[in-house]
Amino acid sequence: SVDPVLAEAAGDAAFELETDLFAALAKGIMEKGASDAFPFAWASLAAQIGEVSPERVLEAGSALEAFGKKTANALLGAAKAVRSGKIGMERLAALPDDELLEQLEAIHGVGVKVASCVMLFGYHRLASAPVDVWIRRVIDEDYGGRSPFPAYGEHAGIFQQYLFYGRISQKG
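All of the points below concern the structure found in this document. (Residues numbered from 1 in each chain as written. Predicted model: local features only at pLDDT ≥ 70, side-chain atom pairs only at ≥ 80, totals over all residues. Heavy atoms only, no water.)

1. Overview of the overall build of the chain
No. 1: Scanning the chain for helices and strands turns up 10 helices and 0 strands.
No. 2: Counting only residues that meet the buried cut, the chain has 44% of its 172 residues in that class.
No. 3: Looking at the chain alone, contacts between residues at least 24 apart form 58% of all its contacts between residues at least 6 apart.
No. 4: For the chain, the accessible area works out to roughly 9,300 Å², and carbon and sulfur atoms hold 52% of it. (Helix = DSSP H or I, 4+ residues; strand = E, 2+ residues; numbered from the N terminus. Buried < 20%, exposed > 50% of the residue type's maximum accessible area, 1.4 Å probe, protein only. Contact = heavy atoms within 4.5 Å. Areas by Shrake-Rupley, 256 points an atom, 1.4 Å probe, with all protein chains shown as cover.)

Here's what the structure looks like:
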């Protein structure tokens, strides 16, 4: 059967998977800190440091505090962990989803939502369906508080993105 919420949300939604794992992590951290201003904040970060890499983030140092102290600390902590080898972004790719989520959440400043975003956009784990305030509203208002994602299995992340873009396109 056709999910009516998905059918309405699909519209023009499009999303891009990230090819650089650290950039996916940095985007998740920036999005958490910037929320609605994320596109501006991400563009500003890229303009400030160029390629978003652990080295460039570490070189920027305290200048990152322009994005907020928590965001700066999380970006710097992630960059240090990746650069030192404590977090091997490529090594994590071999882990099953539950272990990958756990390892990503172990990074300072990364919670389940950011880890789920990194899994979806960086590691291309399409079963990962991040839940932010927009998706929480969809779950509560359109699905009676019950997550629809288990029904979509290995494609839950794609479904989540359609619901996300459908909801934010209704904003304003």
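2. Topic: the packing of aromatic side chains
No. 1: By the definition in use, this model includes 3 aromatic pairs.
No. 2: Geometrically, the ring pair formed by Phe149 and Phe159 is edge-to-face, given 5.6 Å between the ring centres and 70° between the ring planes. Placement of the pair is Phe149 in the loop between α9 (133-142) and α10 (156-170) and Phe159 in helix α10, with a sequence separation of 10 residues. Both residues of the pair, Phe149 and Phe159, count as buried. (Phe/Tyr/Trp six-rings, centres within 6.5 Å; stacked < 30°, edge-to-face > 60°.)

3. Side note on the pattern of salt bridges
No. 1: Applying the stated rule across the entire model yields 7 salt bridges.
No. 2: Measuring nitrogen to oxygen at the nearest pair gives 3.6 Å for the salt bridge that ties Lys113 to Glu31. Of this pair, Lys113 sits in helix α8 (residues 112-122) while Glu31 sits in helix α2 (residues 21-34), and the two are 82 residues apart along the sequence.
No. 3: In this structure, the salt-bridge partner of Arg125 is Asp97, at a minimum N-O distance of 2.4 Å. (Salt bridge = Lys/Arg side-chain N within 4 Å of Asp/Glu carboxyl O.)

4. Some points on the nonpolar core
No. 1: Ranked by size, the top nonpolar core spans 35 residues in total, and within it Phe22, Leu25, Val57, Leu64 and Leu104 carry the most contacts.
No. 2: For this core, the secondary structure elements donating two or more residues are α2, α3 (38-49), α4 (54-60), α5 (69-84), α6 (89-92), α7 (97-105) and α8.
No. 3: Examining the composition of this core, we find that 8 residues originate from one element, α5, more than from any other.
No. 4: The residues contacting Leu25, other than those within four sequence positions of it, are Ala78, Met89, Ile107, Val110 and Val118.
No. 5: With 11 residues, the next largest nonpolar core counts Ala129, Ile135, Tyr143 and Phe164 among its residues. (Core = buried A, V, L, I, M, F, W, Y, C linked by side-chain atoms within 4.5 Å.)

5. What about the environment of Ser147?
No. 1: Structurally, Ser147 can be placed in the loop between α9 and α10.
No. 2: Separated by 16 residues in sequence, Ser147 and Val131 have C-alpha atoms that sit 9.7 Å apart.
No. 3: A distance of 3.3 Å separates the side chain of Ser147 from the backbone nitrogen of Phe149, its partner in a polar contact. (Polar contact = N/O pair within 3.5 Å; in protein donor to acceptor, adjacent residues only side chain to side chain.)

6. Considerations on unusual backbone geometry
No. 1: Located in the positive-phi region is His124, a residue other than glycine, with phi close to 60°.
No. 2: When you line up the elements, His124 lands in the loop between α8 and α9.
No. 3: For His124, a relative accessible area of 37% puts it in the partly exposed group.

7. Observations concerning the packing of α7 against α8
No. 1: Axis separation between α7 and α8 bottoms out at 9 Å; the angle between their running directions is 125°. In terms of orientation, α7 lies oblique with respect to α8. The two elements α7 and α8 meet at a crossing, and its hand is right-handed. Residues Asp97, Leu100, Leu101, Leu104 and Glu105 of α7 touch α8, and the partners they reach there are Val112, Ala115, Ser116, Val118 and Met119.
No. 2: Here the residues of the contact of α7 with α8 are counted per class, giving 7 nonpolar, 1 polar and 2 charged. (Axes fitted to C-alpha atoms, helices over the stretch in contact; angles between N-to-C directions. Parallel < 35°, antiparallel > 145°, perpendicular 65-115°, else oblique. Left-handed = near helix turned anticlockwise from the far one by under 90°. Nonpolar A, V, L, I, M, F, W, Y, C, P; charged D, E, K, R; others polar.)

As far as function goes, none of this settles anything; it's purely spatial.
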